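Below, each chain spelled out in residue letters.
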Amino acid sequence: MTDRYDHLEYRRTGDSGLKLPAFSLGLWQKFGTDYPYDNQRDIVLHAFDLGITHFDNADRYGPPHRAAQKFFGEVLRRDLAAHRDELILSTKAGNPIGRSPYLTGGSRKSLLASLDHSLRDLGTDYVDIFYHHRADPETPLEESVGALVSAVRQGKALYVGVSNYDPERAHQAAVLLRAAGVPLLVHQPRYSIFDRTPETNGLLDLADDDGFGLVVYSPLAQGLLTEKYLTGIPAGARALNSAFLSPDAIDDTYRERARVLNKIATERGQSLAQLALQWVLRQSRVTSAILGASSPAQLDHNVRALDFPPLTADELALIDGV
Ligand SMILES: NC(=O)c1ccc[n+]([C@@H]2O[C@H](COP(=O)([O-])OP(=O)(O)OC[C@H]3O[C@@H](n4cnc5c(N)ncnc54)[C@H](OP(=O)(O)O)[C@@H]3O)[C@@H](O)[C@H]2O)c1
């Protein structure tokens with residue numbers, strides 16, 4: 001008898017009936033062909049053993065593009081096929097994955113062709129959540145939303161989401177989707193102590209009003225909200241091997257802010273990473289925080305973030321100060 005469902009909190013996604021684990025696993029980086037398959041497989045299987053049932057993927061993830069989904073498809077086939085009903089698989093389309101005009105954007109052609117390709121790579125008949133990865137001002141919103149609706153009607157997706165949409169566009173999408181009988185399940189924005197945009201641009205409030213959940217990405221600011229960069233840049237860290245996190249981000253201003261946050265965390269008896277995760281999940285409208293991970297040990301550490309007492313008003317004010 002497995003104990004995998006004893007570890008995590010499962011939160012209802014917006015007004016839907018779907019519960020997601022407070023922590024999801026994302027396959028954006030370190031799941032391409034440039035990292036050893038066995039390490040990647042260990043991380044995915046360990047995540048599932050911890051009760052992380054939600055795996056966030058996209059046609060774009062690798063490198064090269066599509067590699068992360070091919071990798072996940074292999075693990076699904078070899079190790080997790082018997083558990084397909086217990087998994088929430090997400091994919092996204094609409095971020096560029098090639099030079100063709102049909103490998104980018106929010107056209108019906110791009111979105112539905114990408115979804116079909118992702119289903120082949122993942123080796124599954126359906127994904128649980130299909131996202132439009134980012135807004136495309138050149139395509140009528142009705143067309144992008146129509147493609148999401150088609151994906152559900154064709155049985156290729158159970159739910160739909162949008163990512164990186166500003167609140168106004170997200171609201172318009174929610175209205176169109178509701179009218180089509182396919183409610184917007186979820187919005188996926190970036191949210192962390194270092195990027196509070198969903199608080200300031202009204203997205204958190206909109207989630208309540210329109211009844212969707214928020215599954216937030218980069219809650220650790222790609223590792224900046226952990227202890228790893230406090231005294232330098234360790235070998236193997238993302239800041240040394242990713243086009244998306246420059247070593248220039250590790251400057252004196254960063255170190256001072258991280259040091260203050262780390263002190264707050266230490267006084268609470270937790271790590272900076274755990275503080276940062278608890279901070280995003282203090283919002284009831286945040287359904288899940290998507291973790292990136294380069295080892296199973298990082299997951300073990302991070303999922304304990306909700307084992308600590310709630311943040312007090314004084315602690316939240318100190319964090320605001322940073
Ligand atoms: N919708 C979108 O446009 C979008 C954009 C970006 C991401 N996402 C999704 O969100 C997921 C997560 O994004 P993210 O990877 O930026 O998340 P993150 O959780 O902010 O950063 C994860 C990275 O932080 C480091 N780390 C994690 N735990 C640690 C610990 N306890 N101690 C030290 N270092 C630790 C690891 O990097 P090292 O390699 O340095 O160990 C890990 O890969 C992605 O995989 C993707 O699914 C979506």
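Residues numbered from 1 in each chain as written. Predicted model: local features only at pLDDT ≥ 70, side-chain atom pairs only at ≥ 80, totals over all residues. Heavy atoms only, no water.

Observations concerning the overall build of the chain
In step 1: Scanning the chain for helices and strands turns up 12 helices and 10 strands.
In step 2: Against the globule reference of 20 Å for 322 residues, the chain gives a C-alpha radius of gyration of 19 Å, in line with a compact fold.
In step 3: Contacts in the chain between residues at least 24 apart in sequence constitute 75% of all its contacts with a sequence separation of at least 6.
In step 4: Carbon and sulfur atoms form 50% of the exposed surface of the chain, whose accessible area is close to 13,900 Å².
In step 5: Charge separation in the chain, taken as the distance between the mean sites of 34 positive and 41 negative side-chain charges, equals 4 Å. (Helix = DSSP H or I, 4+ residues; strand = E, 2+ residues; numbered from the N terminus. Rg over C-alpha atoms; globule rule 2.2 N^0.38 Å. Contact = heavy atoms within 4.5 Å. Areas by Shrake-Rupley, 256 points an atom, 1.4 Å probe, with all protein chains shown as cover. Lys, Arg positive; Asp, Glu negative; His and termini not counted. Charge placed at Lys NZ, Arg CZ, Asp CG, Glu CD.)

Focus on the sheet that holds strand E7 (residues 157-163)
In step 1: On the basis of which strands lie adjacent, the closed barrel formed by 8 strands has the order E3-E4-E5-E6-E7-E8-E9-E10 and parallel pairing. Sheet twist, expressed as the average angle between the axes of neighbouring strands with direction ignored, equals 30 degrees.
In step 2: Summarising the sheet, strand E6 (residues 127-132) and E7 pair through 5 bridges and their orientation is parallel. Bridging from a neighbouring strand, Val-127 pairs with Ala-157 of E7. (Pairing = 2+ DSSP bridges. Axes fitted to C-alpha atoms, helices over the stretch in contact; angles between N-to-C directions.)

A closer look at the pattern of salt bridges
In step 1: Per the stated rule, a full pass over the model turns up 18 salt bridges.
In step 2: For Arg-285, the salt bridge identified is with Asp-208, shortest N-O distance 3.2 Å. Of this pair, Arg-285 sits in the loop between helix H10 (272-281) and strand E10 (286-291) while Asp-208 sits in helix H7 (residues 203-210); the two residues are 77 residues apart in sequence, bridging distant segments of the chain.
In step 3: Connected through salt bridges with shared partners, the residues Arg-196, Glu-199, Arg-282 and Asp-320 form a single ionic network. (Salt bridge = Lys/Arg side-chain N within 4 Å of Asp/Glu carboxyl O.)

So, the environment of Tyr-37
In step 1: Within the element layout of this structure, Tyr-37 appears in helix H1 (residues 37-49).
In step 2: Since its relative accessible area comes to 24%, Tyr-37 is described here as partly exposed.
In step 3: Taking the C-alpha atoms as reference, Tyr-37 lies 9.6 Å from Val-75; in sequence the two are 38 residues apart.
In step 4: A distance of 3.3 Å separates the side chain of Tyr-37 from the side chain of Arg-78, its partner in a polar contact. (Buried < 20%, exposed > 50% of the residue type's maximum accessible area, 1.4 Å probe, protein only. Polar contact = N/O pair within 3.5 Å; in protein donor to acceptor, adjacent residues only side chain to side chain.)

What about the site of the ligand?
In step 1: Among the 31 residues in the neighbourhood of the ligand, the closest are listed as Lys-30, Asp-56, Ser-218, Arg-238 and Ser-294.
In step 2: One nitrogen or oxygen atom from the side chain of Asp-56 is found 2.6 Å from an oxygen atom belonging to the ligand.
In step 3: Asn-164 places a side-chain nitrogen or oxygen 2.9 Å from an oxygen atom of the ligand.
In step 4: Contact with the protein chains removes 94% of the 920 Å² of surface that the ligand exposes when unbound.
In step 5: Among the secondary structure elements, those contributing two or more residues to the shell around the ligand are E10 and helix H11 (296-302).
In step 6: Here the shell around the ligand gets 3 residues from one element, more than from any other, and that element is H11.
In step 7: Here the shell around the ligand is composed, by residue class, of 12 nonpolar, 14 polar and 5 charged. (Near = heavy atom within 4 Å. Nonpolar A, V, L, I, M, F, W, Y, C, P; charged D, E, K, R; others polar.)

Some words on the nonpolar core
One recurring pattern in soluble globular proteins is that nonpolar side chains are buried together.
In step 1: The biggest cluster of nonpolar side chains holds 88 residues, and the ones touching the most others in it are Phe-23, Leu-25, Val-44, Phe-55, Phe-72, Phe-130 and Leu-299.
In step 2: It is H10 that contributes the most residues to this core, 8 residues altogether.
In step 3: In contact with Leu-299, not counting residues within four places along its chain, are Leu-25, Ile-43, Ala-47, Leu-50, Ile-52, Leu-291 and Ala-293.
In step 4: Leu-18, Leu-20, Ile-88 and Tyr-131 belong to the second-largest nonpolar core, a separate cluster that totals 9 residues. (Core = buried A, V, L, I, M, F, W, Y, C linked by side-chain atoms within 4.5 Å.)

So, the packing of helix H4 (residues 141-153) against helix H5 (residues 167-179)
In step 1: Viewed as axis vectors pointing N to C, H4 and H5 meet at an angle of 50 degrees, and their least axial separation amounts to 10 Å. One way to sum up the angle between H4 and H5 is to call them oblique. When you trace H4 past H5, the crossing you get is right-handed. Facing H4, whose interface residues are Leu-141, Glu-142, Val-145 and Val-149, H5 presents Arg-169, Gln-172, Ala-173, Leu-176 and Leu-177.
In step 2: Here the residues of the contact of H4 with H5 are counted per class, giving 6 nonpolar, 1 polar and 2 charged. (Parallel < 35°, antiparallel > 145°, perpendicular 65-115°, else oblique. Left-handed = near helix turned anticlockwise from the far one by under 90°.)

Brief notes about the side chain of Ser-288
In step 1: Assignment of secondary structure puts Ser-288 in strand E10.
In step 2: The residues touching Ser-288, leaving out its near neighbours within four places in the chain, are Leu-20, Pro-21, Ala-22, Phe-23, Ser-24, Leu-214, Val-215, Val-216 and Leu-281.

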